[in-house]
Amino acid sequence: MKEVKGQVRAGKGSYVVVVSRFNEFITAKLLAGAIDCLRRHDAADNQISVVWVPGACEITIAAKKLAKTGKYAAVICLGAVIRGQTSHYDYICQQVARGIGQINYDTAVPTIFGVLTCDTLEQAVERAGTKMGNAGAEAALTAMETVSIMEQI
Ligand code: INI
């Protein structure tokens, strides 16, 4: 039997984090969690790049261009969409989730969905380094594991 399991370490590849400025109070914490996690898994600073975009809607265009360069083992997408009083939230969530999925299919470069989609600011705070962990760090772990899987299959 051949069984493939991903290893969770940075390896030799480079990682780019695309992070949105909207709700920066939250997204800066996600970014810090992702960078800390990559470093703890032996990524050197020259293996990590960060690209800031205005909002979650702009994550996919940057992520796609970065994935297509072929320079990165994975693209880690971080953002925070928080429900307001209109349906804006639903459109943004749909667009970013579909867009990131499409980049994975189109490029086969692991492009990780680390975008919080929350009903309340409190839910976002809980996932940005408080009682529910840090979704940025989780996205970084997923990136490293997926890169390792892609190297083996
Ligand atoms: N962008 C976010 O990243 N999070 C949000 O919660 C958000 N809300 O609620 O409006 C948001 N809007 C901006 C959007 O991503 C685009 O930047 C904007 O629509 C211009 O394209």
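Quick note: structure is the one above.
In this text, all values refer to a predicted model and were calculated from it rather than measured experimentally.

**Observations regarding the overall build of the protein**
Inference 1: Helix and strand counts for the protein stand at 5 helices and 6 strands.
Inference 2: Ordered by position in the sequence, the α and β elements of the protein form the string β-α-β-α-β-α-β-α-β-β-α.
Inference 3: Relative to the globule expectation of 15 Å for 153 residues, the C-alpha radius of gyration of the protein, 15 Å, shows essentially globular dimensions.
Inference 4: With the principal axes as the frame, the protein shows a C-alpha extent of 50 × 35 × 30 Å.
Inference 5: When each of the 153 residues of the protein is scored for burial, the buried share is 42%.
Inference 6: Of all intrachain contacts in the protein linking residues separated by at least 6 positions in sequence, the fraction that spans at least 24 positions is 79%.
Inference 7: In the form shown here, the protein has an accessible surface area of approximately 8,500 Å², with 52% of it arising from carbon and sulfur atoms.
Inference 8: Of the side-chain charges in the protein, 16 are positive and 14 negative, and the distance between the mean point of each set is 5 Å.

**Concerning the pattern of salt bridges**
Inference 1: Applying the stated criterion across every chain, the model contains 6 salt bridges.
Inference 2: The partner of Asp45 in a salt bridge is Arg39, with the nearest N and O atoms 2.9 Å apart.
Inference 3: Take Arg39: its relative accessible area is 46%, and that puts it in the partly exposed class.
Inference 4: Through salt bridges with shared partners, a single ionic network connects Arg83, Asp90 and Asp119.

**Details of the site of the ligand**
Inference 1: Lining the immediate environment of the ligand, one finds Ser20, Phe22, Asn23, Gly55, Ala56, Cys57, Glu58, Ala80, Val81, Ile82, His88 and Ile92.
Inference 2: Take Ala56: an N or O atom from its main chain is 2.9 Å from an oxygen atom of the ligand.
Inference 3: Compared with its free state, where it exposes 460 Å², the ligand has 73% of that area covered by protein.
Inference 4: The cavity where the ligand resides is the largest pocket.

**Thoughts on the nonpolar core**
Inference 1: One finds Tyr15, Ile26, Leu30, Leu38, Ile76, Leu78 and Leu116 to be the most contacted residues of the largest nonpolar core, which totals 29 residues.
Inference 2: Among the elements of the structure, β1 (15–20), α1 (24–40), β3 (74–82), β4 (111–118) and α5 (135–152) are those that each provide at least two residues to this core.
Inference 3: Not counting chain neighbours up to four residues away, the residues in contact with Ile26 comprise Ala80, Leu116, Leu121, Ala124, Val125 and Ala128.
Inference 4: Within the second largest apolar cluster, 21 residues are counted, among which are Val53, Ala63, Leu66 and Val75.

Conventions and cut-offs
- Residues numbered from 1 in each chain as written.
- Predicted model: local features only at pLDDT ≥ 70, side-chain atom pairs only at ≥ 80, totals over all residues.
- Heavy atoms only, no water.
- Helix = DSSP H or I, 4+ residues; strand = E, 2+ residues; numbered from the N terminus.
- Rg over C-alpha atoms; globule rule 2.2 N^0.38 Å.
- Buried < 20%, exposed > 50% of the residue type's maximum accessible area, 1.4 Å probe, protein only.
- Contact = heavy atoms within 4.5 Å.
- Areas by Shrake-Rupley, 256 points an atom, 1.4 Å probe, with all protein chains shown as cover.
- Lys, Arg positive; Asp, Glu negative; His and termini not counted.
- Charge placed at Lys NZ, Arg CZ, Asp CG, Glu CD.
- Salt bridge = Lys/Arg side-chain N within 4 Å of Asp/Glu carboxyl O.
- Near = heavy atom within 4 Å.
- Polar contact = N/O pair within 3.5 Å; in protein donor to acceptor, adjacent residues only side chain to side chain.
- 1 Å grid on protein atoms, 1.4 Å probe; cavity = no way out; pocket = protein on both sides within 12 Å on 5 of 7 lines; lining within 4 Å.
- Sits in = over half its atoms within 2 Å of the grid points.
- Core = buried A, V, L, I, M, F, W, Y, C linked by side-chain atoms within 4.5 Å.

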